[in-house]
Each structure stands twice: as C-alpha cells, then as structure tokens.
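Below are the chains, spelled out letter by letter.
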Amino acid sequence: MTRIFNFCAGPATLPLPVLEKARDELLDFSGTGMSVMEISHRSAAFDEVADRSEACLRRLMSIPDNYSVLFLAGGATTQFAQVPVNLATADKPGAYIVNGSWSKKAFAIANRLGLAHLASSSEDSGFKSIPDQADWDINGQYAYLHYVSNETISGVQYRQPPSVAQPLVADMSSDILSRPVDVGKFGVIYAGAQKNIGQAGITVVIVRKDLLNDLPPAIPDLQSWKIQSEKGSRLNTPATFAWYIAGLVFEWIEEQGGVGRMAELNQHKSDTLYRYLDQSAFYLNDIPAEFRSHMNIPFKITDESLHTKFIAEAEAAGLSSLKGHRSVGGMRASIYNAMPIEGIEALIGFMTEFENRTG
Ligand SMILES: Cc1ncc(COP(=O)(O)O)c(C=O)c1O
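As a starting point, this report considers the structure included with it. (Residues numbered from 1 in each chain as written. Predicted model: local features only at pLDDT ≥ 70, side-chain atom pairs only at ≥ 80, totals over all residues. Heavy atoms only, no water.)

The next subject is the sheet that holds strand S8 (residues 168-171). Sheet strands line up and pair through hydrogen bonds in the backbone, either parallel or antiparallel. With mixed pairing, the seven strands of this open sheet are ordered in space as S2-S10-S9-S8-S5-S3-S4. Here the strands that pair on one side only, and so sit at the sheet edges, are strand S2 (67-73) and strand S4 (116-121). Strand-to-strand, the axes of this sheet are offset by a mean angle of 20°, without reference to chain direction. Pairing of strand S5 (residues 144-148) with S8, which is carried by four bridges, proceeds in the parallel orientation. Among the inter-strand pairings, Tyr147 is bridged to a residue of S8, identified as Ala170. (Pairing = 2+ DSSP bridges. Helix = DSSP H or I, 4+ residues; strand = E, 2+ residues; numbered from the N terminus. Axes fitted to C-alpha atoms, helices over the stretch in contact; angles between N-to-C directions.)

Within this structure, the stated rule accounts for 16 salt bridges. Between Arg208 and Asp210 there is a salt bridge, with the nearest N and O atoms lying 2.7 Å from each other. (Salt bridge = Lys/Arg side-chain N within 4 Å of Asp/Glu carboxyl O.)

What follows concerns the environment of Lys104. The topology assignment puts Lys104 in helix H4 (residues 101-112). As a C-alpha pair, Lys104 and Val148 span 44 residues in sequence and 9.5 Å in three-dimensional space. Here Lys104 is in contact with Val98, Glu123 and Phe127, once residues within four sequence places are set aside. In this structure the side chain of Lys104 is engaged in a polar contact, spanning 2.8 Å, whose partner is the side chain of Glu123. (Contact = heavy atoms within 4.5 Å. Polar contact = N/O pair within 3.5 Å; in protein donor to acceptor, adjacent residues only side chain to side chain.)

This part is about the sheet that holds strand S12 (residues 296-301). Read from one edge of the open sheet, three strands run S11-S12-S14, paired in antiparallel fashion. Unpaired on one side and paired on the other, strand S11 (283-284) and strand S14 (331-334) mark the two borders of the sheet. As paired elements, S12 and S14 share four bridges and run antiparallel to each other. Following the sheet pairing, Asn296 is matched in S14 by Ser334.

If you check the shell around the ligand, you find 13 residues, and the closest are Thr77, Thr152, Asp171, Gln194 and Lys195. Here Thr152 contributes a side-chain N or O atom positioned 2.5 Å from an oxygen atom of the ligand. Between the ligand and the protein, one listed contact pairs an oxygen atom with a side-chain N or O atom of Gln194 at 2.9 Å. Relative to its unbound accessible area of 400 Å², the ligand is 84% covered by the protein chains. Its residues assigned to classes, the shell around the ligand shows four nonpolar, seven polar and two charged. (Near = heavy atom within 4 Å. Areas by Shrake-Rupley, 256 points an atom, 1.4 Å probe, with all protein chains shown as cover. Nonpolar A, V, L, I, M, F, W, Y, C, P; charged D, E, K, R; others polar.)

With twelve residues, helix H3 (residues 76-87) ought to run about 16 Å at 1.5 Å a step, and its terminal C-alpha atoms sit 16 Å apart, in line with that. In terms of residue burial, H3 counts as a mostly covered element, since nine of its twelve residues are buried. The set of residues buried in H3 consists of Ala76, Gln79, Phe80, Gln82, Val83, Pro84, Val85, Asn86 and Leu87. (Expected span 1.5 Å × (residues − 1). Buried < 20%, exposed > 50% of the residue type's maximum accessible area, 1.4 Å probe, protein only.)

Summarising the element assignment, Ser149 is placed in the loop between S5 and strand S6 (150-151). Within the structure, Ser149 has its side chain in polar contact with the side chain of Asp175 (distance 2.6 Å). If we ignore the near neighbours within four places in the chain, the residues touching Ser149 are Val156, Gln157, Tyr158, Asp171, Met172, Asp175 and Arg179.

This part covers the environment of Ala165. Relative to the assigned elements, Ala165 resides in the loop between strand S7 (156-157) and S8. Judged by its relative accessible area of 80%, Ala165 falls in the exposed class.

Before going further, it helps to examine the pairing of strand S9 (residues 188-192). Burial analysis of S9 places five of its five residues in the buried class, the great majority of the element. Pairing of S9 with strand S10 (residues 202-208), which is carried by five bridges, proceeds in the antiparallel orientation. When the sheet's bridge partners are listed, Gly192 is paired in S10 with Thr203.

Moving on: the side chain of Ser35. Among the structural elements, Ser35 can be located in the loop between helix H1 (16-25) and helix H2 (44-61). On the accessibility criterion, Ser35 (6% relative accessible area) is buried.

Quick look at the packing of aromatic side chains now. Taken as a whole and assessed by the stated rule, the structure comprises 19 aromatic pairs. Clustering of aromatic rings is evident, with ring pairs tying together Tyr276, Phe282, Tyr283, Phe299, Phe310, Phe350 and Phe354. (Phe/Tyr/Trp six-rings, centres within 6.5 Å; stacked < 30°, edge-to-face > 60°.)

Here the focus is the environment of Asp278. On the secondary structure map, Asp278 appears in helix H7 (residues 259-278). With 26 residues separating them in the primary sequence, Asp278 and Glu304 have C-alpha atoms 17 Å apart.

So this is what it looks like as structure tokens:
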C-alpha cells in the first residue's frame, strides 16, 4: 500500500487509523452482519452511531447543554441559505463580514433572499486581510453577525471570534476542531465535514436552542433547524456513512489528546512552513502575519512561470493537490488536523530541492 501526502483543501486527507477502522468494520458493523451503509438510519445500531458521534463532539468542544448539535445532509453551502432562513427576517437581516470567497458567497445567497446586510468587505484589498472591527457597520437591528473563521482559498484566519452584540454565526468549515473555541460565545457554528470532520456529504450545525425558530409554512421542513433538532437530524434519510466517519474522526481526535493538542500540532506545522516561506527569496506568501491561516497556506514562486512545473513534479513526488484555487493561482498547502508534520517536512524538502534545481 502506498499512501501519499494529500494537501487537498477538501475533500481532504483523513487520519489513517480512521480509514483502517472503517475498512475493518466495512462488511460487518458491530455484529450486525451489514455495513453501516446498509443499516437503517432508524435502527438501534445507527442510534448508537449517532449518539456516540454527538457525545464525542460535545466532549471535544465542551458544547453546553443549551445547544443542539445537528448532522445535516448537504455542504456548508446549504447552510449559506439555512442560516438566514432560520434566523433573519426582511426587517431584521443578518449582518455579514466579507473577507474572502466563502463569506462573499454566504452574503450573496442571503442577499438574494433579501435577508442580508453587508457590514464590511475587504474585497478591495484582494481578501488578504480582515477588516478592522471599528469600521464594521453593525449598529442597526441585525439578527446575527456572520463571519467565516478561516477563509480556505486566500488563507486568512481570525485569531479570536469577534465580540459583538448580535448572536455570532460562524462558518468554521475549514478550521473546526483545529483549536479550542468557546462555543458559549456563538449563536451558531456550522462546518462542512470534508476537511477536519470527515467525508463530504454532511455538515455539523451547533445552534443555541433559543435560536431555533418556527419557519413560515412555505419553507420546506428540511430547512428548519428546529424541526431537524426535534427529529434528531433524521427528518429524512441522513448521510449515514458520512455521519459514522465523523464519529470515528472525533474519537481519533480525542485519542490524540483533544482539540488543545490539535492546536499545538497545527501551530507547529504552520509555523514550520511559514518560517520556511519567509526566509526564501524564491517562494512567497503575501498574507500579513496576523491574518495568516494555520490550515490553508497559499504560496507562489516569484517566477510564476514555474508554477505548473512545480505542481506536476510535486504530484509525481507524492505531494498531491498543491494547486492553488483557480481564483488565486499558485499553490496552496492545506494542512488540516490529519496532515502529519512529516507531510510538511516532505513538502519543504521538495521545495528546497526544486529551488536548487530551477532557481
Ligand atoms: C469556509 C468554507 N465554507 C464553505 C465551503 C463550501 O462547502 P461545500 O462545498 O461543502 O458546500 C467551503 C468549501 O471548501 C469552505 O472552505
């Protein structure tokens, strides 16, 4: 078996022990004689999968009892619509901080529904920073403040959640479980699974119970966090296998020492790569240090004509999916929880060798 280092932004690399456990249990899950994919989402065996996943996530993030945890089908993009539909009205829209492609998309979807207010944008500066909170236009009546804690494409990350009067709604798709957060500071946290949680197809939504509202009858029940919460996220058939994998990843994080330990490792991994980039005249990351992401590290070669060659040769050397997002070009190393330090070391080794050969 050959496992390579996969730097994909998502679907992303998974911890090997999780894949091995899923493989071992594939044909006969927990003595049922069936795989998890084949058992009813209403069976006792799946109840156990659901309960264990939720309990482990609650332990990892110290989620208080006054929060519901939902495991919903669809990606984080689905939540770009569900957030305003569940929380906002035309009279009291959601306020949005736009500092990257994902927050821009979230705003655009809510805005199309007539439920959004643009509080601030850093688009003019090419999404390389987070607008200063003193300049945010958030003094009106807004149902919530929405932000994206880590902008996966540009590699810009908040160090701390903003402190505002409105309930805070965070898209944490690309940095959930990478560092401790105080869930009690949030109204809603949501995150697509395919980076730090597991496999694509499921999105975790952590919502403070007093924010679970009835929706107008014309809105499908499936969009209602309140109804999904009452139905244990099983109003219809959920993404059962993705839910199961999420539970295995949560247990793996716990075995590693929890989210605090993940944060230490992530700091070490990202420091190592940024230090290397900063001492180099050949490579560059142009995000100011205070905004740099610990999860997604975009970089370029000063001679941009070398990008295609770099990406192809890295791929051939077992360093997969380093191509930057098409909107920014260059390269991007996504180094989520499951990326070991050995992956960073291998990348730096390749970068050094590539520079020596072509620079
Ligand atoms: C921060 C962030 N939000 C939302 C999304 C969209 O997720 P999905 O494709 O699961 O809808 C992504 C995808 O990469 C993301 O990185």
